[in-house]
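Structure assessment
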Amino acid sequence: MNSTNAQAYAKVVENGVQAVEAVKELQTTGYLADHIFVLAHEKDRTDRIADTADANEIGIKEEGLFDSMANLFRSRGDELRAKIVSMGFTEAEADFYESELDKGKVLIIAKKKD
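What counts, and at which threshold
Residues numbered from 1 in each chain as written. Predicted model: local features only at pLDDT ≥ 70, side-chain atom pairs only at ≥ 80, totals over all residues. Heavy atoms only, no water. Salt bridge = Lys/Arg side-chain N within 4 Å of Asp/Glu carboxyl O. Helix = DSSP H or I, 4+ residues; strand = E, 2+ residues; numbered from the N terminus. Buried < 20%, exposed > 50% of the residue type's maximum accessible area, 1.4 Å probe, protein only. Phe/Tyr/Trp six-rings, centres within 6.5 Å; stacked < 30°, edge-to-face > 60°. Axes fitted to C-alpha atoms, helices over the stretch in contact; angles between N-to-C directions. Parallel < 35°, antiparallel > 145°, perpendicular 65-115°, else oblique. Left-handed = near helix turned anticlockwise from the far one by under 90°. Contact = heavy atoms within 4.5 Å.

In the nomenclature of an unreviewed UniProt entry, the protein chain is known as General stress protein of Paenibacillus cucumis.

Bringing the pattern of salt bridges into the picture now. By the definition in use, this model includes 10 salt bridges. Where Lys105 meets Glu14, a salt bridge forms, and the shortest distance between an N and an O atom there is 3.5 Å. A residue pair is termed long-range when its members are at least 10 positions apart, and Lys105 in the loop between helix 6 (91–102) and strand 4 (106–111) and Glu14 in the loop between strand 2 (8–13) and helix 1 (16–28) qualify at 91 residues. We classify Lys105 as buried; its relative accessible area is 17%. Exposure remark for Glu14: the relative accessible area of 46% places this residue in the partly exposed category. Of the charged contacts, one joins Lys43 and Asp47 as a salt bridge, the two residues approaching to 3.1 Å between their closest N and O atoms. Taken together, the residues Lys43 and Asp47, both in helix 2 (residues 43–53) and 4 residues apart, mark about one turn of the helix. What you see here is one network of salt bridges that share partners, running through Glu14, Glu100, Lys103 and Lys105.

Summed over all chains, the structure comprises 2 aromatic pairs. Taken together, the ring pairs in this structure connect Phe89, Phe96 and Tyr97 into an aromatic cluster.

A few words on the packing of helix 1 against helix 2. Closest axis-to-axis distance for the helix 1/helix 2 pair is 9 Å, and the angle between their directions is 45°. Comparing the axis directions of helix 1 and helix 2 gives the class oblique. The two elements helix 1 and helix 2 meet at a crossing, and its hand is right-handed. Contact residues: Gly16, Ala19, Val20, Val23, Lys24 and Gln27 in helix 1; Arg45, Ile49, Thr52 and Ala53 in helix 2.

This is how it looks when you write it as structure tokens:
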């Protein structure tokens, strides 16, 4: 499932190699590296893919301080859904994307600056 809303574009890919390709594709269409985010179920996998793809992780700047602090006390699934919602997606979309991450897939998000 790919999603495009007024604030963000999302694409689910099967693995890190496809994630790097998707990030490069977005960069060639005009997105800056600062506007592209990678999310995987495991934090260390997210770090590795983001570094390799020259993309970002969803952090305090995108989530806000309160949600970022709350994530310290959430389960990984709840944390992932909160991160996805903070990027402009609905709860239903976040549930779908988080279930895809549970399967080992990777989520690429390109967010337009406000």
